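Residue-level listing of the chains:
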Amino acid sequence: MSQTKVITGKVRFSYAQVFEPKAMNESSTPKYSISLVIPKTDKKTLDKIKAAIESAIEEGKTSKWGGKIPKNLKTPLRDGDDERDDEVYAGAMFVNANSSNKPGLVDADLNPILDKSEFYSGCYGRASINFYPYDSNGSKGIACGLNNLQKLEDGERLAGGGSTAEEDFGSGDDADDLM
């Protein structure tokens, strides 16, 4: 049996959609999802992920791709320096994980996290993820499944491209528009 499940070291959570599933577009199935931002200095976690991806590729060779590794194989481990113009991803690799099933969410003491304000994009923790091969609509590759998440510590909240109500309305610049 190949080893395709990984428990990460400490990562930063981004684009956390873990309390309610969300559809990427009108035709897609709603899923729970998260982006795991892994420091490039965390060689242990990155090595475990690379080994799990290799195991999933070997599995896919026989189960999905007719004995061959596809030429344009898509893999989930990506370089934040190359693919994101975002300081959160600088000096890091990242993987996007998702699931149709709600992930388990626990704190550092393994107590369930039920309060949505306690788990957010920007906090730090560990993730249980698994890698598996796919062949869908002509696209072949390795996907990352989301199992469970453990919050270890708070971090600066990531806006996710939006702004807070305080930022939008607090400057007073538009006060004349109220007259």
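Residues numbered from 1 in each chain as written. Predicted model: local features only at pLDDT ≥ 70, side-chain atom pairs only at ≥ 80, totals over all residues. Heavy atoms only, no water.

Trainee: Explain the overall build of the chain to me, please; I cannot follow it from the model alone.
Mentor: Counting its regular elements, the chain contains three helices and eight strands. When the elements of the chain are put in sequence order from the N terminus, they spell out β-β-β-α-β-α-β-β-β-β-α. Counting the 179 residues in the chain, one finds 36% classified as buried. Sequence-distant contacts in the chain: of pairs separated by 6 or more residues, those separated by 24 or more amount to 70%. For the chain, the computed accessible surface area is about 11000 Å², with 48% contributed by carbon and sulfur atoms. (Helix = DSSP H or I, 4+ residues; strand = E, 2+ residues; numbered from the N terminus. Buried < 20%, exposed > 50% of the residue type's maximum accessible area, 1.4 Å probe, protein only. Contact = heavy atoms within 4.5 Å. Areas by Shrake-Rupley, 256 points an atom, 1.4 Å probe, with all protein chains shown as cover.)

Trainee: How should I be thinking about the layout of surface pockets in this particular structure?
Mentor: Left-over empty space is what a probe sized like a water molecule reveals as it rolls over the atoms. Taken as a whole, the largest pocket encloses approximately 720 Å³ of empty space. The wall of the largest pocket is formed by 25 residues, among which Met24, Ser33, Asn96, Ala97 and Asn98 lie closest to the centre. Across the lining of the largest pocket, the residue classes break down as eleven nonpolar, nine polar and five charged. (1 Å grid on protein atoms, 1.4 Å probe; cavity = no way out; pocket = protein on both sides within 12 Å on 5 of 7 lines; lining within 4 Å. Points joined across faces, edges and corners; volume = space filled by probe spheres on them. Nonpolar A, V, L, I, M, F, W, Y, C, P; charged D, E, K, R; others polar.)

Trainee: So what exactly am I meant to see when it comes to the pattern of salt bridges here?
Mentor: Between side chains of opposite charge, pairing is possible as soon as their charged atoms come close. Per the counting criterion, the structure on display carries nine salt bridges. Two residues, aspartate 135 and lysine 140, come together in a salt bridge whose shortest N-O distance is 3.9 Å. For aspartate 135, a relative accessible area of 37% gives the class partly exposed. The class of lysine 140 is partly exposed, set by a relative accessible area of 28%. Connected through shared salt-bridge partners, Lys40, Asp79 and Asp81 make up one network. (Salt bridge = Lys/Arg side-chain N within 4 Å of Asp/Glu carboxyl O.)

Trainee: Hey, could you run me through the pairing of strand β3 (residues 31-39) in this one?
Mentor: On a regular strand, one side chain projects to one face of the sheet and the next to the other, so that they alternate. Of all nine residues making up β3, seven are buried, and the element is well covered by its neighbours. Note that strand β2 (residues 11-22) and β3 share five bridges and pair antiparallel. Bridging from a neighbouring strand, serine 14 pairs with serine 35 of β3. Alignment of β3 against strand β5 (residues 92-99), held across eight bridges, turns out to be antiparallel. Bridging across to β5, tyrosine 32 finds its partner in serine 99. (Pairing = 2+ DSSP bridges.)

Trainee: What is the right way to read the packing of aromatic side chains from this model?
Mentor: Geometry of an aromatic ring pair is reported as the spacing of the ring centres plus the angle between the planes. Following the criterion strictly, the structure yields two aromatic pairs and no others. Looking at arginine 84, its charged tip hangs above the ring of tyrosine 89, at a distance of 4.7 Å from the centre. The positively charged end of arginine 157 is found above the aromatic ring belonging to tyrosine 120, 3.9 Å away from the centroid. (Phe/Tyr/Trp six-rings, centres within 6.5 Å; stacked < 30°, edge-to-face > 60°. Lys NZ or Arg CZ within 6 Å of the ring centre and 35° of its normal.)

Trainee: Would you mind showing me how to read the nonpolar core here?
Mentor: Most often, soluble globular proteins have nonpolar side chains that are buried together. Phe13, Ile34, Phe119, Ile129, Phe131 and Leu149 are the most contacted members of the largest nonpolar core, which has 32 residues in total. Put simply, the parts of the chain that give this core at least two residues each are β2, β3, α1 (43-63), β5, β7 (124-136) and β8 (139-153). For this core, the element with the most residues is α1, which contributes six residues. Setting aside anything within four residues of it in sequence, one finds leucine 149 in contact with Phe13, Val18, Ile34, Pro103, Gly104, Leu105, Val106, Phe119, Arg126 and Ala127. Membership of the second largest hydrophobic core comes to five residues, among which are Val37, Val88, Ala92 and Phe94. (Core = buried A, V, L, I, M, F, W, Y, C linked by side-chain atoms within 4.5 Å.)

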